[in-house]
Amino acid sequence: MAAAQLLLRRCRPGLVAILMMAAFSVSGEEYLGRDEFLQLAFGDGEPQMHTLWLTDDLRAAAAAAVGWVPAALRLRYWQQGDSTAWILEDIGKDKPITLGIAVSGQRIQRVDVLAFRESRGWEIRYPFFTRQFVGLTLAADGYLSAPIDGITGATLSVRAVERVARLAVWLDAQVRG
Amino acid sequence: MRRYPRLVGLLWRWHRRAGVLAAVFVVMLAMSGIVLNHSTALQLDRRFVDWPWLAQSYGDPSSNLPAIQLGEQWLFRASDGRVYLDALDVAPCAGELVGAVATDGLLVAACAQELLLITRRGELVESATASTGLPTPLQGIGLLDNHVALQTQGNWRLADLERMEFAARAPAGGAVIRQLVAGQLPAAIRDRIPAPQQWLSWERLLLDLHSGRVFGPLGVLWVDFVGVLVASLAISGTVMWWLHRRRRQ
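Residues numbered from 1 in each chain as written. Chains lettered and ligands numbered in written order. Predicted model: local features only at pLDDT ≥ 70, side-chain atom pairs only at ≥ 80, totals over all residues.

Draft legend 1. Highlighting the overall build of chain B. Along the backbone of chain B there are 5 helices and 11 strands. A total of 249 residues make up chain B; the buried ones form 22% of that total. Put simply, of all contacts in chain B between residues at least 6 apart along the chain, 53% involve residues at least 24 apart. (Helix = DSSP H or I, 4+ residues; strand = E, 2+ residues; numbered from the N terminus. Buried ≥ 20, exposed ≤ 12 C-beta atoms within 10 Å, placed from the backbone. Contact = placed C-beta atoms within 7 Å.)

Here it is in structure tokens:
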């Protein structure tokens, strides 16, 4: 009994580390919640939530402008003044990536990865990648106004973020007239 | 000093036995690990296993999975993770299907990690996940006076599907939450579903082989055991080398 207690005492730091790793692996795919993202996008402001129905006309226009439309018929966005924030999903390789895009004055203010479910390509969540989008606009050809540096091994995830960012800027222009 | 030859003999015997036992599995783990390191280059994620008996052991045919009848339509989540309305492919849904209800012209499919709002024509209206405020994991879905109620962590919450708010608790005491019981997808519909035959990629099979999951929970424990065995081989090998070196000195 005494030996078991001694062993437990000696191994406690290791056990704690293993339990922490297990807890992280369970909740690892959700990086940021909706409210946290809105807090980052609007600070202490209180943006209004709106819904946008993607009608057939709007879908066709989005496909023509940016080359991609999400499957869902209804999108949600939050608006305060001339800033909007969008939570959109796109599939990188097999599974959806949930992204938060804040746009102000038709320029991207921030890009956040809210959830990542693929087995590879999670590096897109880091600021070294997402900060490349800050300040970019939508060019006339439907691409962003500056090229985005990719990440080796995360090509499909990088493309997904780029697609979603383009659509968010385009949608921002639609809802703000 | 006498103890050392006996200890070396004991260690050597067990080191040899453990080595033989571990050898086959170590070779398999090493080979699968090497191949997995190059799975993208080898396009193993895009090549699929065409062994029906193996697909069946993974949970196919999909007839064993729960299906919910909503009026005259059936809602069903196939083993590839996609939700079907009758034979129409709607969208992927994260987690097991825990239930579905029909309300206000919409169908609501609840998977453990995601909620799908679907039209009667099988179009995806919207999806909600933990990232968009959905409390997860979902354990059930029902109707309380025509309001959608979600069960999570043993409690029922009312879902405001217009605002995507899920904070309100369902009133306790006397409230009746109606849930639909899952049934078996009729064979006529199942036969019309494009069989998700191409879901078991070689990459997934190798990953499951590498982790032991292909043989179920016991397989995972066995791979754990092989890991411990290999670690003990490293330790016993080092101890034998050290004892042998001391003897020679």
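On we go.
Draft legend 2. The arrangement of the overall build of chain A in detail. Check the secondary structure of chain A and you find 5 helices and 5 strands. The buried share of chain A, reckoned over its 177 residues, is 34%. Excluding contacts between residues fewer than 6 apart, the proportion of contacts in chain A whose partners are at least 24 apart in sequence is 61%.

Draft legend 3. Representation of the environment of B:Gly183 within the structure. Residue and element names in this part refer to chain B. The residue Gly 183 is located in the loop between β11 (155-158) and α3 (187-192) in this model. Put simply, Gly 183 and Pro 66 are 117 residues apart on the chain and 5.8 Å apart in space, counted from C-alpha to C-alpha. Residue contacts for Gly 183: discarding those within four places in its chain leaves Ala 67 and Gln 69.

Draft legend 4. Fine view of helix α5 (residues 155-175) of chain A. Here α5(A) contains 21 residues, and its C-alpha end-to-end distance of 30 Å stays within 8% of the 30 Å for a straight helix at 1.5 Å per residue. Phi turns positive, to about 70 degrees, at A:Gly177, one or two residues after α5(A). (Expected span 1.5 Å × (residues − 1).)

Draft legend 5. Inspection of the interface of chain A and chain B at higher detail. Taken together, the 14 residues of chain A in the interface contact 14 residues of chain B. Looking at the side of chain A that touches chain B residue by residue, the classes come out as 8 nonpolar, 2 polar and 4 charged. (Nonpolar A, V, L, I, M, F, W, Y, C, P; charged D, E, K, R; others polar.)

Draft legend 6. Summary view of the nonpolar core. Formed by 40 residues in total, the largest nonpolar core has its most connected members in A:Leu99, A:Ile101, A:Val164, A:Ala165 and A:Ala168. Mapped onto this core, the elements with two or more residues apiece are α2 (34-42), α3 (56-66), β2 (74-80), β3 (83-91), β4 (96-104), β5 (107-116) and α5 of chain A. It is α5(A) that provides the largest number of residues to this core, a total of 9 residues. If you look at the next biggest cluster of nonpolar residues, it comprises 38 residues, including B:Ala67, B:Cys93, B:Leu115 and B:Leu124. (Core = buried A, V, L, I, M, F, W, Y, C linked by C-beta atoms within 7 Å.)

Draft legend 7. The environment of B:Arg192, seen in detail. Residues and elements named next belong to chain B. Within the secondary structure, Arg 192 sits in helix α3. Looking at Arg 192, the number of C-beta atoms within 10 Å reads 12, which means it is exposed. Separated by 106 residues in sequence, Arg 192 and Asp 86 place their C-alpha atoms 8.4 Å apart.

Draft legend 8. View of the packing of α3(A) against α5(A). Residues and elements named next belong to chain A. At a minimum axis separation of 10 Å, α3 and α5 run at an interaxial angle of 125 degrees. Taken together, the axes of α3 and α5 are oblique relative to one another. Where α3 crosses over α5, the two elements pack in a sense that is right-handed. Counted together, Ala 62, Ala 65 and Val 66 of α3 and Arg 166, Leu 167 and Trp 170 of α5 form the full contact between these two elements. (Axes fitted to C-alpha atoms, helices over the stretch in contact; angles between N-to-C directions. Parallel < 35°, antiparallel > 145°, perpendicular 65-115°, else oblique. Left-handed = near helix turned anticlockwise from the far one by under 90°.)

Draft legend 9. Inspection of the sheet that holds strand β1 (residues 67-70) of chain B at higher detail. Residues and elements named next belong to chain B. Taken in spatial order, the 4 strands line up as β1-β2-β3-β4 in an open sheet, and their pairing is antiparallel. Among the strands making up the open sheet, the edge pair consists of β1 and β4 (88-92). Neighbour-to-neighbour, the strand axes of the sheet open up by a mean angle of 20 degrees, direction not taken into account. Of the strand pairs in this sheet, strand β3 (residues 82-85) and β4 are connected by 4 bridges, and their pairing is antiparallel. Note that in β4 the partner of Tyr 84 across the bridge is Asp 89. (Pairing = 2+ DSSP bridges.)

Draft legend 10. Up close: the environment of B:Leu158. Residues and elements named next belong to chain B. One can find Leu 158 in strand β11. Residues Leu 158 and Ala 168, spaced 10 residues apart in sequence, show a C-alpha to C-alpha distance of 5.4 Å. Filtering out sequence-adjacent residues up to four positions away, Leu 158 remains in contact with Leu 144, His 147, Ala 149, Ala 168 and Ala 170.

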